[in-house]
Amino acid sequence: TVRCAVAVVAAVVESVQRVILPRLIEAHRSATAVVFRGLVARASLGIMLIGGAVGMVAMMVGPIIFPHHVIGGEGLRAFHILLLVALVPVVLGICPAMLSVLVAPRLMAAAYGANLVIIATVTSVFCPTTAIEMAQVVAMGHGIGAFVLVWTNFRQLGLLPPITAVLHPRIRLRDASAR
């Protein structure tokens with residue numbers, strides 16, 4: 001049940017990405033690098049805001065959906081950790097649908113490979129026995145794979161994660177040519 005709830009959040013974020021993807025592909029073919037970079041930055045920020053809102057709703061509704069007699073306190077903590085893991089790509093702006101246009105497939109495979117190797121290694125070395133320990137292992141693996149993709153995104157396009165647009169007041173959120 002916990003995995004299904006987290007999967008719903010991930011599915012909402014994925015569906016938003018799939019709506020944006022055709023426009024990104026068209027812009028990648030026809031627009032200049034500066035226009036395309038701005039479009040990707042705004043798309044990442046939009047996905048972050050929508051995904052963050054869906055994640056916050058899931059965190060608030062989780063204790064209501066999963067009462068204490070269904071899953072214990074540790075299961076609810078595992079739910080929150082797995083939910084945050086599902087939102088890591090959203091906050092860092094490395095959504096798989098967008099990266100399929102921007103990043104070479106071998107770099108995507110390397111990031112996902114690093115994710116799997118870390119999860120497998122940590123699991124075999126520490127042998128997690130509880131749901132919360134396994135959720136932490138999955139979070140560690142996804143976090144490292146996500147940072148590999150963030151570095152690739154920054155190196156190829158010069159884009160910082162969308163959270164920087166929220167935190168830094170001088171970054172413009174609108175396209176200057178749209179005025």
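Read on for a plain summary of the structure. (Residues numbered from 1 in each chain as written. Predicted model: local features only at pLDDT ≥ 70, side-chain atom pairs only at ≥ 80, totals over all residues. Heavy atoms only, no water.)

Attention now moves to the overall build of the protein. Within the protein, the secondary structure is distributed over 7 helices and 0 strands. Sequence-distant contacts, at least 24 apart, represent 77% of the contacts inside the protein between residues at least 6 apart. For the protein, the accessible area works out to roughly 10,400 Å², and carbon and sulfur atoms hold 70% of it. (Helix = DSSP H or I, 4+ residues; strand = E, 2+ residues; numbered from the N terminus. Contact = heavy atoms within 4.5 Å. Areas by Shrake-Rupley, 256 points an atom, 1.4 Å probe, with all protein chains shown as cover.)

With that settled, consider helix 2 (residues 33–65). Its 33 residues give helix 2 an end-to-end C-alpha distance of 46 Å, which sits within 8% of 48 Å, the value for a rise of 1.5 Å per residue. Considering bend angle alone, the principal kink of helix 2 is centred on Met-59 and spans about 30°; proline Pro-63 follows within four residues of it. All buried positions along helix 2 are accounted for by Phe-36, Gly-38, Val-40, Ala-43, Ser-44, Leu-45, Ile-47, Met-48, Gly-51, Gly-55, Ala-58 and Gly-62. (Expected span 1.5 Å × (residues − 1). Bend = angle between axes of the 7 residues up to and from the residue. Buried < 20%, exposed > 50% of the residue type's maximum accessible area, 1.4 Å probe, protein only.)

This part takes up unusual backbone geometry. One non-glycine residue, Cys-127, lies in positive phi territory at about 45°. Position of Cys-127 relative to the elements: it lies in the loop between helix 5 (105–126) and helix 6 (131–157).

Here we come to the nonpolar core. With 34 residues, the main nonpolar core has Phe-36, Val-40, Ile-47, Ile-94, Leu-99 and Leu-102 as its most contacted residues. Taken together, the elements giving at least two residues each to this core come down to helix 1 (2–30), helix 2, helix 3 (73–92), helix 4 (96–102), helix 5 and helix 6. For Leu-102, the contacting residues outside a window of four places in its chain are Phe-36, Val-40, Asn-153, Gln-156 and Leu-157. (Core = buried A, V, L, I, M, F, W, Y, C linked by side-chain atoms within 4.5 Å.)

A separate point is the pattern of salt bridges. This model, assessed by the stated rule, comprises 1 salt bridge. Residue Arg-18 is joined to Glu-14 by a salt bridge in which the shortest nitrogen-to-oxygen separation is 3.0 Å. Here Arg-18 and its partner Glu-14 are both found in helix 1, 4 residues apart, which amounts to about one turn of the helix. For Arg-18, a relative accessible area of 46% puts it in the partly exposed group. For Glu-14, a relative accessible area of 25% puts it in the partly exposed group. (Salt bridge = Lys/Arg side-chain N within 4 Å of Asp/Glu carboxyl O.)

Right, let's get into the environment of Thr-130. With respect to the helices, strands and loops of the structure, Thr-130 is situated in the loop between helix 5 and helix 6. Considered as a pair, Thr-130 and Gly-75 are 55 residues apart in the sequence and their alpha carbons are 9.0 Å apart.

Bringing helix 6 into the picture now. In this model, helix 6 (27 residues) spans 38 Å end to end at C-alpha, consistent with the 39 Å of a helix rising 1.5 Å per residue. Positive backbone phi, approximately 75°, marks Gly-158, located one or two places after helix 6.

Another aspect to go through is the packing of helix 5 against helix 6. Axis separation between helix 5 and helix 6 bottoms out at 8 Å; the angle between their running directions is 155°. The orientation of helix 5 with respect to helix 6, classified from their angle, is roughly antiparallel. As helix 5 packs across helix 6, the resulting crossing turns out to be right-handed. Classifying every residue of the contact of helix 5 with helix 6 by side-chain character gives 13 nonpolar, 7 polar and 1 charged. (Axes fitted to C-alpha atoms, helices over the stretch in contact; angles between N-to-C directions. Parallel < 35°, antiparallel > 145°, perpendicular 65-115°, else oblique. Left-handed = near helix turned anticlockwise from the far one by under 90°. Nonpolar A, V, L, I, M, F, W, Y, C, P; charged D, E, K, R; others polar.)

For the rest of this paragraph, the subject is a nonpolar patch on the surface. Taken together, Met-56, Val-57, Met-60, Val-61, Ile-64 and Ile-65 make up a surface patch of nonpolar side chains, about 610 Å² in accessible area. With respect to the helices, strands and loops of the structure, Ile-64 is situated in helix 2. (Patch = residues over 30% accessible without salt bridge, like charges linked within 9 Å, V, L, I, M, F, W, Y side chains within 5 Å.)

With that settled, consider the side chain of Asn-115. Relative to the assigned elements, Asn-115 resides in helix 5. Given the relative accessible area of 6%, Asn-115 is considered buried. Beyond its immediate chain neighbours, meaning those up to four positions away, Asn-115 contacts Gly-141 and His-142.

Nothing here speaks to function; it is all geometry.
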